[in-house]
Amino acid sequence: MHLATLVHRGRRRLVSRPDADGAWRLAPPSVTLAGVIADGVLPAGDGEPVGTTESGDGGGPAGGSRGPVLPYRPATLHGIGLNYRDTIAEMGWRTPAEPYLFPKLCSSVIGPGEAIVFDPELTRRVDWETELAVVIGAEARHVTEEDAPRHVFGYTVANDISARDLQEGDGQWVRGKGLDTFCPLGPLVVTADAVPDPHALRIRTRVNGELVQDGTTADMVFRIPRLIAYLSRFFTLRPGDVVLTGTPAGCGDYMTPPRALRPGDLLESEVEGIGRLVNPVRSAGGADLLRPRQAAGGR
């Protein structure tokens, strides 16, 4: 099942459809996506039909609705670094023996269409990292790899926006990964049963229409069951928690010459079968420092 949250007649409402080709239908007003994840009871899917622009990139849907918006706000996000073989090769680092963990703050989460905002006085090396995000559906503590899939509710798209200069200067990743607006999430949550193989999905990133990342989840060093089992050795994973599973090669800081997001850019993050997330980039002052570049390859 595909699930999203939109604003319908001034209220946030959950909508669902059985598959990618089905019609979106409203759930009862009291039903939220966070509640569905926690309870494990999917909406019936027989409510009022409604339209939606799935990327959340503008163009209001039919029926007095707007969205999708942020599906829900996770309490805890676990980031996984260095989890793609092509990324490790691009960076020239060694393959980690165990998953490399870091926190992603819940205050960094924004939804489709919302702006990634950064202060150029704090960072000028703002980078993109499109990722498959795993939504936990059942509490997990000391689970095995074999049992781990039972704890997955579904999947969504995330972009682990990263301030590379802060990462480099700090020697750890909390500030560089955790700034406000540095985790676009959405536009949909797709339940696990609707994703036959999460390790066979194409991941793509575009900046102003230019394709900059084009990889596959098949390139993960540590697959999702291993990540969940490993995390659950140290932390209790609860319904609604999100695991960011890493990003393929093509990040701007490792290009020649290096590239960074600039105010006025438009970032598109896509995971095959899950959705496309669109977010503009803005300066902290609210005005773009540079006008958007229309043509690809402009940097």
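Just so you know, these numbers come straight off a predicted model, no measurement behind them.

Asks: Whenever I open this one, the overall build of the chain confuses me. Can you help?
Replies: Counting its regular elements, the chain contains five helices and 18 strands. Summarising its shape, the C-alpha atoms of the chain cover approximately 50 × 45 × 30 Å along the three principal directions. Expressed as a percentage of its 299 residues, the buried residues of the chain come to 55%. Taking all contacts inside the chain whose residues are at least 6 apart in sequence as the whole, residues at least 24 apart take part in 73%.

Asks: Where do I start with the pattern of salt bridges in this structure?
Replies: Close approach of charged atoms allows side chains with opposite charge to pair. Tallied over the full model, the rule gives 15 salt bridges. With a closest N to O distance of 3.7 Å, Glu48 and Arg9 form a salt bridge. Of the two residues, Glu48 is situated in the loop between helix 1 (33–39) and strand 4 (65–69) and Arg9 in the loop between strand 1 (2–8) and strand 2 (11–17); the sequence distance between them amounts to 39 residues. Residue class for Glu48 comes out partly exposed when judged on its relative accessible area of 38%. Judged by relative accessible area, Arg9 falls into the exposed class, the value being 61%.

Asks: Quick question: what am I supposed to make of the pairing of strand 13 (residues 183–191) here?
Replies: With respect to burial, strand 13 is a largely interior element, nine of its nine residues being buried. Of the pairings in the sheet, the one linking strand 7 (residues 109–110) to strand 13 comprises two bridges and is parallel in character. Residue pairing for strand 13: Ile110 is matched across the bridge by Pro184. With four bridges joining them, strand 11 (residues 152–159) and strand 13 adopt antiparallel strand pairing. By the bridge assignment for strand 13, Ala158 is matched with Leu185.

Asks: Please clarify how the confidence of the model for the chain should be interpreted in this entry.
Replies: Detailed reading of predicted coordinates is not advised where the pLDDT is low. On average, residues of the chain carry a pLDDT of 92, and 92% of them reach 70 or more. Across residues 58–62, where pLDDT falls below 50, the model places ten contacts with residues more than four positions away in sequence or in other chains. Contacts of residues 287–299 to residues separated by more than four positions or lying in other chains number 26 contacts, the stretch itself having pLDDT below 50.

Asks: Looking at this structure, how should I read the sheet that holds strand 8 (residues 116–118)?
Replies: Two strands in a sheet stick together by hydrogen bonds in their backbones, pointing the same way (parallel) or opposite ways (antiparallel). With mixed pairing, the five strands of this open sheet are ordered in space as 8-18-17-14-15. Single-partner strands in this sheet number two, and they are strand 8 and strand 15 (210–216). The mean angle between the axes of side-by-side strands here comes to 20°, regardless of whether they run parallel or antiparallel. The pairing of strand 17 (residues 266–271) with strand 18 (residues 275–283) spans six bridges and is classified as antiparallel. Paired with Glu268 across the bridge in strand 18 is Val278.

Asks: How do you make sense of unusual backbone geometry when you look at a structure like this?
Replies: Most peptide bonds take the trans form, and the phi angle of most residues other than glycine is negative. A cis amide bond links Gly67 to the next residue, Pro68, at an omega of 10°. Within the secondary structure, Pro68 sits in strand 4. For the peptide bond that leads from Thr256 to Pro257, omega is -5°, which places it in the cis range. Relative to the helices and strands, Pro257 resides in the loop between strand 16 (242–244) and strand 17. A positive phi angle is found at Leu82, which is not glycine, with a value near 55°. Tracing the backbone through its elements, the reader meets Leu82 in the loop between strand 5 (77–81) and helix 2 (85–91). By relative accessible area, Leu82 is classed as buried at 11%. The backbone phi angle of Thr181 is positive, close to 75°, even though this residue is not glycine. Note that Thr181 resides in the loop between helix 4 (174–178) and strand 13.

Asks: So what exactly am I meant to see when it comes to the side chain of Thr87 here?
Replies: Mapped onto the elements, Thr87 comes out in helix 2. A polar side-chain atom of Thr87 sits 2.6 Å from the main-chain carbonyl oxygen of Thr247.

Criteria and thresholds
Residues numbered from 1 in each chain as written. Predicted model: local features only at pLDDT ≥ 70, side-chain atom pairs only at ≥ 80, totals over all residues. Heavy atoms only, no water. Helix = DSSP H or I, 4+ residues; strand = E, 2+ residues; numbered from the N terminus. Buried < 20%, exposed > 50% of the residue type's maximum accessible area, 1.4 Å probe, protein only. Contact = heavy atoms within 4.5 Å. Salt bridge = Lys/Arg side-chain N within 4 Å of Asp/Glu carboxyl O. Pairing = 2+ DSSP bridges. pLDDT = per-residue confidence, 0-100. Axes fitted to C-alpha atoms, helices over the stretch in contact; angles between N-to-C directions. Polar contact = N/O pair within 3.5 Å; in protein donor to acceptor, adjacent residues only side chain to side chain.

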